[in-house]
Structures are given as structure tokens and as C-alpha cells.
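What follows is the residue order along each chain.
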Amino acid sequence: MEQVKKKDIMYDVEDVPKLGHWLTLSLQHLFAMFGATVLVPFLVGLSPAVALISSGLGTLAYLLITKGKIPAYLGSSFAFISPIIAAKASSGPGSAMIGCFVAGLVYGLVALIIYKAGLNWLMNILPPVVVGPVIMVIGLSLAPTAVNMAMYINPNTDNQIYSITNITIALITLIVTIIGNIYFKGFFGLIPILIGITVGYICSIIAGIVNFEPIREANWFEIPEFMVPFATYTPTFSWGVIAIMVPVAIVTLSEHIGHQMVLSKVVGRNFLEKPGLHRSIAGDGAGIMIGSIIGGPPLTSYGENIGVLTMTKAFSVYIIGGAAVTAIIFGFVGKISAVISSIPSAVMGGISILLFGIIASSGLRMLVDNKIDFDKKRNLMIASVILVLGIGGAFLKLSDEVSLSGMALSAIVGILLNLILPGREKVSGDMFEN
């Protein structure tokens, strides 16, 4: 593991920062994750305020389970957008939350197996030739959602109305975010999503499509719309929802491992060994379960916050904890929640065009980085079948209640093809030593 020079480190993992530094550095992490974290609940019809609270609680649980050794922030996961929408449509929001809870349990089970049996078995089931195309499916299957939000008034209804105002605002939001990603430096280079949303929101105000009435009526302190089982709804178990959620959880584990490898390189410590990947995965799973209990989306470690660590060289878990506590506080500020809810769909559509494309491109990048050889027929067959099944929306109806569709079906078929087709290369433990 490449070591970071001690003199370059502002605060090491266990260091307690000075109060002034603590506040400003924690706010940087909050702003870095804010745009993406509130976008997910906006898209799936959950409360952005609850998403902020669940990300804060999930992060604190993660820090506790990893014994304060890994400075990672957990925010809303884009991989679960389509599954949550599908689960809500088929069985209601309560069942969707139960499905998310089971996804967290899957993380816990995998963490236990890794603790007992090591990591190679998982990477042999989920090699890059399977995970890369599945990640591409996640991004590309969301493309119609992004385009509809950018183009139409009432994008999620049958009464869609094309609007030149909406598409103009979406394009302005998109362009500003692209410029921010490429040209902004320092802290501003880490928050292009937040800047893009802000500029798009200002343009929406000028265009007269922002409704300020809910903001005026909102209280400064307000209890968000929590969804708590047995309190606000009676949970129902659906095998159909489980079939939608579990394959996603299995695939996102590889994303988690990738983030841990990058984070290890940035901080100069091997987090896969100490405190161990099993603790990191268990912490992420606990965060997902905590979020689902209060009505928040599943969580994942955020690359944006790894970027903040890279820029500041302030690796203290106390700073991450401070960001988590601040996110929880923000969740109870009614005015903030009202402002988020007032953001026009055109603005979120402009952001989503870029973000969903980046998800798809990251799947392609995984194939390139791992030098997947498409001259080998097995690789070509696996990737081709995954892409068409996933993007085409194929489904397999197993019973009146259970069906596998889209990304879930394509992931399972990809895993089976990888295990069955001849010429499979076993993953060596050496690939994790860098």
C-alpha cells in the first residue's frame, strides 16, 4: 500500500481537529454529498429530509462498526432508483422499504462470509465482465427518466406536456454542471452538482416556475415524514420486491470494494485488512437497514467525499462524523426540506442526464481498466446478453407475485453465464494488493 507522507496530512484518521477546522471541513463533506443525496429521494418519491437524516445516522453507524478507522461518508445510492420505483409501483412504499432492509441484510450476510472465507469467492462470482455491463444497465435504464424530467411538465404522469422552458432550464443546469466538473478547482470542483442545481433553480425563479408558497408555510423546525414500520404503515413481505432488490445489493458490493481500494490508496492505509472489508461492508449494510426503518433510500460510500479527502488531506473520522451530525440537523429544518421539494423537475432532469450517463460510463470504465478482452467470445457473449436484457426491460414471471426484470434479471443471467461458460479466469488475491 502506497504511503502518504506524514507531513502532507492535515489530520490523520484518529486526530481530533480544532473546532474551527472541524466545522468548515465537515461542511465541505456535507456540501459535496448534498446534491446527489437529495436527488435520489426526489426521483423515487421519498422525503429528501429523511434521506439527509438516514445518511447521517447511517454514516455514524458505519463509523461505529468500522471502529472509527475508515473516513467514509454514506449517501443515497443511485443503483437502487429503478428497484425502488418498481417496488413502490407493484407493492407500495412500505414493501419497498422492507426490500431495502433485506438488501442491508444481504450486506451483513456477505460480510460474515468474507470474515470466515475471505474475498476471492465474491470476486469470482462478480468479475468486471459481469459488473461493468450491469452498472451500464443501471445508468442507461434510467435515461428515459432523466430525459422526461428535462423535457416535460408533469413528467411522471400520463399528462406530459412538452415545455421549451423546461428543456432550456435543464440544458443550462447540465452545461453549468459540466463546466464545473471540468474547469472548477479546489472546493468548487467538488460540488459541481450543487452549483448546477443552484444555477438551475435561479433560472427557474426567473422563468416563474418555482412555487414559493410551501417554503413560506414551512416551519423552521419540522418533523420529516418518516416511514416507520408498525407505526406509520403495516409492513408486508413480498417475494417479488425481494427478487428486485437482492440482485442489486449483490452487484453494488463490487462498487463498495472499489471505493475501499481507492480510499485505502488516498489515506495510505489498507482498509481491506484493517479494520477489514467485512467490517466496512457490515457498516454499509447497517446504514442501509437504518435508512429503510425510517423511510430513507439505501446508502453507499460516496466518491465525492473521497474527493474531499484527497483535496484537504484531512482524514479524521471526527470530521466525517461532524458532517453526519450536520446532515441530521439539516433534516429537521423544515425550510431546507421545502426548498429542496420546490426544485423544478427540469433542474433535476438536467442533473440526471449527466449523473445517469456517468453511472453508465463508470461501467464502461471498469471494463477498460480491467482490460477485458472482447476478442474472447465468452466476454462478448456475457456483456451482450446483460446489456440487451437489462436495457430492453426483459422480465421473467416466476409466479403471480414474483418476477425478475430489467437489471435484476440481467445481473443473475450474467452471473450464471460467467459460471457456466468455459474459459473463466479465477481471481487472484494479488489484485487487492496495491
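- The name an unreviewed UniProt entry gives the protein is Uracil permease, with Peribacillus huizhouensis as the organism.
- What UniProt records for the protein under Sequence similarities (unreviewed entry) is the sentence "Belongs to the nucleobase:cation symporter-2 (NCS2) (TC 2.A.40) family."
- The record held by UniProt for the protein lists under Subcellular location (unreviewed entry) the comment "Membrane".

Here we look at the confidence of the model for the protein
Inference 1: Confidence along the protein averages 88 in pLDDT terms, with 96% of residues attaining 70 or more.
Inference 2: Per-element mean pLDDT across the protein ranges from 75 in strand E6 (residues 403–405) up to 95 in helix H2 (residues 48–65).
Inference 3: Scored below 50 in pLDDT, residues 429–434 shows 13 contacts in the model against residues more than four places distant or in partner chains.

Observations regarding helix H14 (residues 317–331)
Because each turn of an α-helix spans 3.6 residues, side chains separated by three or four positions end up pointing in the same direction.
Inference 1: Its 15 residues place the ends of H14 21 Å apart at the C-alpha level, agreeing with the 21 Å of an ideal helix rising 1.5 Å per residue.
Inference 2: In terms of burial, H14 is largely enclosed, as 11 of its 15 residues are buried.
Inference 3: When we look at burial in H14, the residues that qualify are Val-317, Ile-319, Ile-320, Gly-321, Gly-322, Ala-323, Ala-324, Thr-326, Ala-327, Ile-328 and Gly-331.
Inference 4: A distance of 3.1 Å separates the backbone nitrogen of Tyr-318 from a side-chain oxygen at the start of H14, and that oxygen is part of Ser-316.

Quick word on the pattern of salt bridges
Inference 1: Taken as a whole, this structure holds five salt bridges when the rule is applied.
Inference 2: Put simply, Glu-213 and Arg-216 hold a salt bridge, and the shortest N to O gap is 2.9 Å. With Glu-213 and Arg-216 both in helix H10 (residues 213–217), this residue pair falls three residues apart, about one helical turn.
Inference 3: Note on Arg-216: relative accessible area 56%, which makes it exposed.
Inference 4: Here Arg-365 and Asp-369 are joined by a salt bridge, their closest N and O atoms 3.2 Å apart. Taken together, the positions of Arg-365 and Asp-369, both in helix H16 (residues 345–369) and four residues apart, correspond to about one turn of that helix.
Inference 5: Looking at Asp-369, the relative accessible area reads 48%, which means it is partly exposed.
Inference 6: Salt bridges linked by common partners bring Asp-12, Glu-14, Lys-69 and Arg-269 together as one network.

Overview of the layout of surface pockets
Inference 1: A volume near 1,700 Å³ is recorded for the largest pocket.
Inference 2: What lines the largest pocket is a set of 48 residues, among which Glu-255, His-259, Gly-303, Ser-362 and Arg-365 lie closest to the centre.
Inference 3: Listing elements by their share of the lining of the largest pocket, those giving two or more residues are helix H6 (128–141), helix H8 (164–183), helix H9 (192–207), helix H11 (239–267), strand E4 (299–301), helix H13 (303–312) and H16.
Inference 4: Counting residues per element, the lining of the largest pocket draws most heavily on H11, at 10 residues.
Inference 5: For the lining of the largest pocket, the class distribution of residues is 26 nonpolar, 17 polar and five charged.

Remarks on a nonpolar patch on the surface
Inference 1: Together, Leu-171, Ile-175, Ile-178, Ile-179, Ile-182, Tyr-183, Phe-184 and Phe-188 give the surface a local cluster of nonpolar side chains, amounting to about 770 Å² of exposed area.
Inference 2: For Ile-182, the location among the structural elements is in helix H8.

Structural notes on H2
Inference 1: Look at H2: 25 Å from first C-alpha to last across 18 residues, which is about the 26 Å you get at 1.5 Å a residue.
Inference 2: Measuring from the backbone nitrogen of Ala-49 back to the side-chain oxygen at the start of H2 gives 3.3 Å, which picks out Ser-47 as the cap.
Inference 3: Positioned one or two residues after H2, Lys-67 has a phi angle of 60°, which is positive.

Details of empty space enclosed by the protein
In this approach, a probe sized like a water molecule rolls over the atoms, and the result shows the empty space that is left.
Inference 1: Counted under the stated rule, the structure contains one cavity of 30 Å³ or more.
Inference 2: Size it by volume and the largest cavity reaches roughly 30 Å³.
Inference 3: Taken together, Phe-78, Ala-79, Ile-81, Ser-82, Pro-83, Ile-138, Ser-141, Leu-142 and Met-407 make up the full set of residues lining the largest cavity.
Inference 4: Every element with two or more residues in the lining of the largest cavity is listed here: helix H3 (81–91) and H6.

Quick word on the side chain of Ser-345
Inference 1: Checked against the element boundaries, Ser-345 lands in helix H16.
Inference 2: For Ser-345, the contacting residues outside a window of four places in its chain are Phe-42, Met-149, Tyr-152, Pro-155 and Asn-166.

Criteria and thresholds
Residues numbered from 1 in each chain as written. Predicted model: local features only at pLDDT ≥ 70, side-chain atom pairs only at ≥ 80, totals over all residues. Heavy atoms only, no water. UniProt positions renumbered as here; feature names shortened; annotations may be inferred. pLDDT = per-residue confidence, 0-100. Helix = DSSP H or I, 4+ residues; strand = E, 2+ residues; numbered from the N terminus. Contact = heavy atoms within 4.5 Å. Expected span 1.5 Å × (residues − 1). Buried < 20%, exposed > 50% of the residue type's maximum accessible area, 1.4 Å probe, protein only. Polar contact = N/O pair within 3.5 Å; in protein donor to acceptor, adjacent residues only side chain to side chain. Salt bridge = Lys/Arg side-chain N within 4 Å of Asp/Glu carboxyl O. 1 Å grid on protein atoms, 1.4 Å probe; cavity = no way out; pocket = protein on both sides within 12 Å on 5 of 7 lines; lining within 4 Å. Points joined across faces, edges and corners; volume = space filled by probe spheres on them. Nonpolar A, V, L, I, M, F, W, Y, C, P; charged D, E, K, R; others polar. Patch = residues over 30% accessible without salt bridge, like charges linked within 9 Å, V, L, I, M, F, W, Y side chains within 5 Å. Areas by Shrake-Rupley, 256 points an atom, 1.4 Å probe, with all protein chains shown as cover.

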